[in-house]
Amino acid sequence: MAVSRRTCLALGGGGGLAALSGCLDFGSETPQLSLTLLNFDSERHEIDVEVFLADAEEYTDAVVLRERYELSPPPEGAVAAERTDDDALESDTYVVDVAVSTAPAVSDTYHFYPALVDDDDRTDRLFIELRTDPDSGDRYIDFQQNH
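Cut-off values and rules
- Residues numbered from 1 in each chain as written.
- Predicted model: local features only at pLDDT ≥ 70, side-chain atom pairs only at ≥ 80, totals over all residues.
- Heavy atoms only, no water.
- Core = buried A, V, L, I, M, F, W, Y, C linked by side-chain atoms within 4.5 Å.
- Buried < 20%, exposed > 50% of the residue type's maximum accessible area, 1.4 Å probe, protein only.
- Helix = DSSP H or I, 4+ residues; strand = E, 2+ residues; numbered from the N terminus.
- Contact = heavy atoms within 4.5 Å.
- Salt bridge = Lys/Arg side-chain N within 4 Å of Asp/Glu carboxyl O.
- Pairing = 2+ DSSP bridges.
- Axes fitted to C-alpha atoms, helices over the stretch in contact; angles between N-to-C directions.

Caption draft 1: Representation of the nonpolar core. By size, the foremost hydrophobic cluster in this structure holds 22 residues, and its most contacted members are V49, V96, L126 and I128. For this core, the elements supplying multiple residues, two or more each, are β1 (32–39), β2 (45–53), β3 (63–71), β5 (94–100), β6 (106–112), β7 (124–132) and β8 (139–145). Counting residues per element, this core draws most heavily on β5, at 4 residues. Leave out the neighbours within four places in its chain, and L126 touches L33, S34, L35, T36, V96, Y110, F112, F143, Q144 and Q145.

Caption draft 2: Looking closely at unusual backbone geometry. For D87, which is not a glycine, the phi torsion comes out positive at approximately 50°. Locating D87 in the fold gives a position in strand β4 (residues 81–90).

Caption draft 3: Representation of the pattern of salt bridges in the model. The final tally for this structure, using the stated rule, is 8 salt bridges. Measuring nitrogen to oxygen at the nearest pair gives 3.2 Å for the salt bridge that ties R139 to E43. Taken together, the residues span a long stretch of sequence, with R139 in strand β8 and E43 in the loop between β1 and β2 at a distance of 96 residues. You can call E43 partly exposed: its relative accessible area is 42%. Taking the shortest distance from any N to any O, the salt bridge between E46 and R68 comes out at 3.5 Å. Taken together, the residues span a long stretch of sequence, with E46 in strand β2 and R68 in strand β3 at a distance of 22 residues.

Caption draft 4: Structural context of the sheet that holds β7. Across the sheet, which stays open at both edges, the 4 strands sit in the order β4-β1-β7-β8 with mixed pairing between neighbours. A strand with exactly one partner marks an edge of an open sheet, and here the two such strands are β4 and β8. Each strand axis lies, on average, 20° off the axis of its neighbour in the sheet, ignoring direction. The pairing of β1 with β4 spans 7 bridges and is antiparallel. Each bridged residue has a counterpart across the sheet, and for L35 the counterpart in β4 is D85.

This is the structure we're talking about:
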């Protein structure tokens, strides 16, 4: 069967539009959440991080990240040791549970809220910091966001 010039142009034009259609939505890719874990304590620690969708109704549907991170003590002359997990998951509203299993055990919970949709720089980063109280020597977890 012969294909007419008109049919060929129509198919080529449609294919070209289909190929370019992904480009029309430029800049609307899903923002990602990066995690930065900081160890301000002088000892090595394992930190368990669980991230849950805030609006899920069941545990199995809620868990989006369950990870154990090893944090070394700060290097000589540094204030903290850092471990980064860039683009760990899609940015959304989350409940974040963090636990340090070394004695004495420490845990805390944080509610993460992403940047607003119309923010020009939509880079979300959650800082999870293991710190030591200078007066009591007790360890605690602190959370910070970049916005």
